[in-house]
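Chain residues, written in single-letter form:
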Amino acid sequence: MRIWVNGGLRDADDARLSVLDHGLTVGDGIFETVRTTEGRPFALTRHLDRLTRSARGLGLPDPDLDEIRRAVAAVVDANPVPLGRLRITYTGGLSPLGSDRGTAGPSLVVALDGVSRRPDTTAVITVPWTRNERGALTGLKTTSYAENVVALARARERGASEALFPNTAGRLCEGTGSNVFVVLDGRIHTPPVASGCLAGITRALAVEWTGAEESDLPMEVLAEADEIFLTSTLRDIQAVHRVDDRELAPEPGPVTAKAMRIFDERAGNDLDP
Ligand code: PLP
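No experiment lies behind these values; they were computed from the predicted model shown.

Glancing now at the domain arrangement of the chain. As assigned here, the chain comprises domain 1 (2–114) and domain 2 (121–269). Computed over C-alpha atoms only, the centres of domain 1 and domain 2 are separated by 26 Å. With 23 residues of domain 1 at the interface, the matching set in domain 2 holds 19 residues. Taking both sides of the interface into account, the surface hidden between domain 1 and domain 2 amounts to around 1600 Å²; carbon and sulfur atoms contribute 64%. Among the residues domain 1 hides against domain 2, the three largest losses belong to Phe31, Arg46 and Arg50. Together they make up 36% of the total. Summed over the shared surface of domain 1 and domain 2, the number is 2 salt bridges. Between arginine 46 and glutamate 208 there is a salt bridge, with its nearest N and O atoms 3.6 Å apart. Sorting the residues of the side of domain 1 that touches domain 2 by element identifies strand 3 (29–37), helix 2 (44–58) and strand 5 (83–91) as the ones contributing at least two each. Classifying every residue of the side of domain 1 that touches domain 2 gives 6 nonpolar, 9 polar and 8 charged.

Given below as structure tokens:
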């Protein structure tokens, strides 16, 4: 595998970052995961906008978007895969003791691996831990993902692929790496960004393309919703067939199936929506 590290393509085995890189020592970094289809990145401009917003939120220098576009093109070229997960990581860089910001400037890593298409439906669990809708990191896509790692491990133990969090007010928020939508009386709803969820790129497109409403939702909505689905870069739109012990239809319901069709059509026609 060839990856981009700080200015050039390298073999993954030879790529080097300092072990004192702030991204490693204190999680002072940000990232984006971009889907590629036949080597074409989807919604790259939106991802780069969000990366810049995350950098500013964390107080990192603005990333050099021209370099990132060059890195993405080089990495995609060097690693031909039908469906790819392109990961852009940008960290605080080298720090003597991990206590103050880097002395050698930020680090940029761009890597790509092949993935398979996600199934149309999946199982999810809910977790009692909360997302903080008023935290310093709320809405930023930082590399401080350990809480998501723990929640995802809990989901996997229970045969599920995603864990859904409430926020501190007990309202439905998001998953470890996805946004959540529910269908009530034929209408689609998703928690607002003010709930503390990440402003997902797939979420924004799904809202725009399906007319979903942003609504403040209690966690209990998961016990009542006619249909539930997730959105994320690698899932696109994925129906939920089980939430905790509640079984929903084994196939995507009619509203979700229509949203999936609209998404596939629109996303296939426009690589940089
Ligand atoms: N929420 C979190 C915490 C995420 O990490 C992600 C994935 O990036 C999402 C939501 C979905 O966002 P997107 O559709 O931009 O992949």
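The strand order across the open sheet formed by 6 strands is 2-1-6-5-3-4, and the pairing between neighbours is antiparallel. Two strands lie at the open edges of the sheet, namely strand 2 (8–11) and strand 4 (40–41), each paired on one side alone. Of the pairings in the sheet, the one linking strand 3 to strand 4 comprises 2 bridges and is antiparallel in character. Bridging from a neighbouring strand, threonine 36 pairs with proline 41 of strand 4. Relative to strand 3, helix 2 is tilted by about 175 degrees, and along the sheet it contacts strand 3, strand 4 and strand 5.

There is about 1200 Å³ of room inside the largest pocket. Forming the walls of the largest pocket are 48 residues, and the residues nearest its centre are Lys141, Tyr145, Asn148, Thr176 and Gly177. Among the secondary structure elements, those contributing two or more residues to the lining of the largest pocket are strand 3, helix 2, strand 5, strand 6 (107–114), helix 4 (146–157), strand 9 (172–175), helix 5 (201–210) and strand 13 (227–232). Counting residues per element, the lining of the largest pocket draws most heavily on helix 4, at 5 residues. Among the residues making up the lining of the largest pocket, the classes are represented as 13 nonpolar, 22 polar and 13 charged. Here the second largest pocket defines a volume of roughly 340 Å³. Lining the second largest pocket are 19 residues; nearest its centre among them are Arg35, Thr37, Arg117, Asp236 and Asp264.

Moving on: the environment of arginine 266. By the secondary structure assignment, arginine 266 is in helix 7 (residues 254–269). Classification of arginine 266 by relative accessible area gives partly exposed; the value is 41%.

Now for the site of the ligand. The environment of the ligand is made up of 16 residues, and the closest members are Lys141, Tyr145, Glu174, Thr202 and Thr233. One of the side-chain N or O atoms of arginine 50 is found 2.9 Å from an oxygen atom in the ligand. Within the backbone of isoleucine 201, a nitrogen or oxygen atom sits 2.8 Å from an oxygen atom of the ligand. Alone, the ligand offers 380 Å² of accessible surface; in the complex the protein occludes 95% of this. In the shell around the ligand, the residues fall into 3 nonpolar, 9 polar and 4 charged.

Take the pairing of strand 8 (residues 162–166) next. Strand residues, when the strand is regular, have side chains that alternate between the two faces of the sheet. Burial of strand 8 is extensive: 5 of the 5 residues sit out of reach of the surface. Burial along strand 8 is two-sided: Glu162, Leu164 and Pro166 and Ala163 and Phe165, pointing in opposite directions, are all buried. One ladder, built from 3 bridges, connects strand 7 (residues 121–126) with strand 8; its direction is parallel. By the bridge assignment, valine 124 is partnered in strand 8 with glutamate 162. One crossover worth recording links strand 7 to the parallel strand 8 by way of helix 4, and it is right-handed. Pairing between strand 8 and strand 9: 3 bridges, direction antiparallel. Each bridged residue has a counterpart across the sheet, and for leucine 164 the counterpart in strand 9 is glycine 175. Taken together, strand 8 and the strand that follows it, strand 9, pair antiparallel across an intervening segment of 5 residues, in which glycine 170 is found at a positive phi of about 80 degrees.

The rules we used
- Residues numbered from 1 in each chain as written.
- Predicted model: local features only at pLDDT ≥ 70, side-chain atom pairs only at ≥ 80, totals over all residues.
- Heavy atoms only, no water.
- Domains from an automatic or database assignment.
- Contact = heavy atoms within 4.5 Å.
- Buried area = accessible area lost by both parts, 1.4 Å probe.
- Salt bridge = Lys/Arg side-chain N within 4 Å of Asp/Glu carboxyl O.
- Helix = DSSP H or I, 4+ residues; strand = E, 2+ residues; numbered from the N terminus.
- Nonpolar A, V, L, I, M, F, W, Y, C, P; charged D, E, K, R; others polar.
- Pairing = 2+ DSSP bridges.
- Axes fitted to C-alpha atoms, helices over the stretch in contact; angles between N-to-C directions.
- 1 Å grid on protein atoms, 1.4 Å probe; cavity = no way out; pocket = protein on both sides within 12 Å on 5 of 7 lines; lining within 4 Å.
- Points joined across faces, edges and corners; volume = space filled by probe spheres on them.
- Buried < 20%, exposed > 50% of the residue type's maximum accessible area, 1.4 Å probe, protein only.
- Near = heavy atom within 4 Å.
- Polar contact = N/O pair within 3.5 Å; in protein donor to acceptor, adjacent residues only side chain to side chain.
- Areas by Shrake-Rupley, 256 points an atom, 1.4 Å probe, with all protein chains shown as cover.
- Right-handed = clockwise from strand over helix to strand, strands pointing away.

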